[in-house]
Amino acid sequence: MSDSDLRLVNLTKRFGIFTAVDDLSLTIPQGGFFALLGASGCGKTTTLRMVAGLEEPTSGKVLLGGKDISRLRPYKRPVNTVFQSYALFPHLDVFENVAFGLRRRGVGDIRAQVERMLALVQLEGYGKRRPAQLSGGQQQRVALARALINHPQVLLLDEPLGALDLKLRRQMQIELKRIQTEVGLTFVHVTHDQEEAMTMADTVAVMNAGRIEQLGAPAEIYEFPSTPFVANFLGQSNLLAGEVSGRSGEDVMVSAYGSRFSLPAARCRAVDGDVYLGYGRKSCTSRRTPTRCRRATSG
């Protein structure tokens, strides 16, 4: 664990009787590309807004570098947010949009810093243009430059590619990853798009009903989903209810619908009791508690 990690400790957010984020504890490593992935209403954007200071937690803490920032105002937190709508100032040109945060803080030598940032997002020569004269992808790059020029410890990305068409969205996935690698900042990316998360993130947290269903590297989550929800969310899965009937060497024996199946134990998250058998990936998943059951994989 690094001193600069972002930590969420028992974070909860309730709106009346509805719990949007439910006792969430999570460590986001410094300098990595982290994705919060989930369907609409799962609590991912609310989590991001609590980190940004745009929502106050009902309980729990947000720690950055060991410091509790849970009650700090947004502008006092060392984080910046890039929204899906970009939120550029239409009356300012690209240069002044990027320079806005520096001017507010009275920073000197603005021109050199803005030009370096425009070069980073490959918008050299666009400084005099207004946002309305730019494409959606170019506006997104301006929003990124405006956030990055403030040198935040964490950059929060709230579905930043959602307004782009498919081709441009895929191009921007590559660009976002390139920029994150080059600047070395912690990126926390909220998305409902599985492809985005799997393409860009070093670590993915799959959220459901305000909780983390599974956390891990993209390939690990795809190959070894730990619950039926994750298996189905990351692709179409054929799950058969079965029961572990024993072991045979390195294999787990599963009985399902009058048949017996032999599965490599290394691919199984559950090795006894009631399970879900994932057809196509030769693995099995526990189904003791259906909403949070442990499981291996499915396909």
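Note that the coordinates shown come from a computational prediction; the quantities given were computed from them, not determined experimentally. (Residues numbered from 1 in each chain as written. Predicted model: local features only at pLDDT ≥ 70, side-chain atom pairs only at ≥ 80, totals over all residues. Heavy atoms only, no water.)

1. Digging into the sheet that holds strand β6 (residues 79-83)
Sheet strands pair by backbone hydrogen bonding; their relative direction is either parallel or antiparallel. What counts, and what does not: Being paired, for any two strands, means DSSP has found at least two bridges between them. A run of DSSP states H or I qualifies as a helix once it reaches four residues; a run of E qualifies as a strand once it reaches two. Both are numbered from the N-terminal end. Helix axes use the C-alpha atoms of the stretch in contact, all axes being lines fitted to C-alpha atoms, and the angles between their N-to-C directions lie in the range 0 to 180 degrees. For this analysis, residues touch if any pair of their heavy atoms sits within 4.5 Å.
Pairing is mixed across the open sheet formed by 6 strands, whose spatial order is β6-β7-β8-β3-β9-β10. At either margin of the open sheet sits one strand with a lone partner, and together these are β6 and β10 (211-216). Sheet twist, expressed as the mean angle between neighbouring strand axes with direction ignored, is 20°. Direction of pairing for strand β9 (residues 203-208) relative to β10: antiparallel, over a ladder of 5 bridges. Bridge assignment links Val206 to a residue of β10, and that residue is Gln214. Across the sheet, helix α1 (residues 44-52) is in contact with β3 (33-37), β6, β7 (154-158), β8 (186-191) and β9; its angle to β7 comes to roughly 145°.

2. Observations regarding the UniProt feature "domain: ABC transporter" (unreviewed entry) in the chain
Selection criterion: UniProt positions are given in the numbering used here, feature names are shortened, and annotations may be inferred rather than shown by experiment.
Sites flagged by UniProt as "domain: ABC transporter" (unreviewed entry) map to residues 6-234. Strand forms 27% of residues 6-234 and helix 35%; the C-alpha atoms that close the span are 26 Å apart.

3. Some points on unusual backbone geometry
Despite not being glycine, Asn10 shows a phi value in the positive range, around 50°. With respect to the element layout, Asn10 can be found in strand β1 (residues 6-15). Unlike most non-glycine residues, Ala209 shows phi in positive territory, near 55°. With respect to the element layout, Ala209 can be found in the loop between β9 and β10.

4. Describing the domain arrangement of the chain
What counts here: Bear in mind that the domain bounds are from an automatic or database domain assignment.
When cut into domains, the chain gives domain 1 (6-217) and domain 2 (236-298). Placing a centre on the C-alpha atoms of domain 1 and another on those of domain 2 gives a separation of 38 Å.

5. Focus: helix α3 (residues 110-120)
For the α-helix, the turn length of 3.6 residues means that residues three or four positions removed from each other point alike. The condition that has to hold: Buried means the residue's accessible area, taken with a 1.4 Å probe over protein chains only, is under 20% of the maximum for its type, while exposed means over 50%, and partly exposed covers the values in between. Think of the arc as the fan of directions from the helix axis to the C-beta atoms.
Buried residues of α3: Ile110, Gln113, Val114, Met117, Leu118 and Leu120, and no others. Buried positions in α3, seen along its axis, are confined to an arc of 155° and lie on one side of it.

6. So, the pattern of salt bridges
Filter applied, for reference: The working definition used for a salt bridge is a side-chain nitrogen of Lys or Arg within 4 Å of a carboxyl oxygen of Asp or Glu.
As enumerated under the stated definition, the model contains 13 salt bridges in all. One salt bridge in this structure joins Glu115 and Arg111, with 3.6 Å as the shortest N-O distance. Taken together, the positions of Glu115 and Arg111, both in helix α3 and 4 residues apart, correspond to about one turn of that helix. Glu115 sits in the partly exposed class, given a relative accessible area of 44%. According to the relative accessible area criterion, Arg111 is partly exposed, its value standing at 49%. Taking the shortest distance from any N to any O, the salt bridge between Arg141 and Glu175 comes out at 3.7 Å. Of this pair, Arg141 sits in helix α4 (residues 136-148) while Glu175 sits in helix α5 (residues 166-183); the two residues are 34 residues apart in sequence, bridging distant segments of the chain. Like Glu175, Arg141 is buried. It is possible to trace a salt-bridge network through shared partners that takes in Arg141, Glu175, Arg178 and Glu182.

7. Section: the nonpolar core
To keep things clear, this is the line we draw: In this text, buried Ala, Val, Leu, Ile, Met, Phe, Trp, Tyr and Cys residues form a nonpolar core when linked through side-chain atoms within 4.5 Å.
Counting residues in hydrophobic clusters, the biggest one holds 45 residues, and the most contacted among them are Val98, Val114, Leu144, Leu148, Leu155, Phe187 and Val204. Looking at this core, the element that brings in the most residues is α4, giving 6 residues. Beyond its immediate chain neighbours, meaning those up to four positions away, Val114 contacts Phe95, Val98, Ala99 and Ile149. With 25 residues, the next largest nonpolar core counts Leu6, Leu24, Leu48 and Met50 among its residues.

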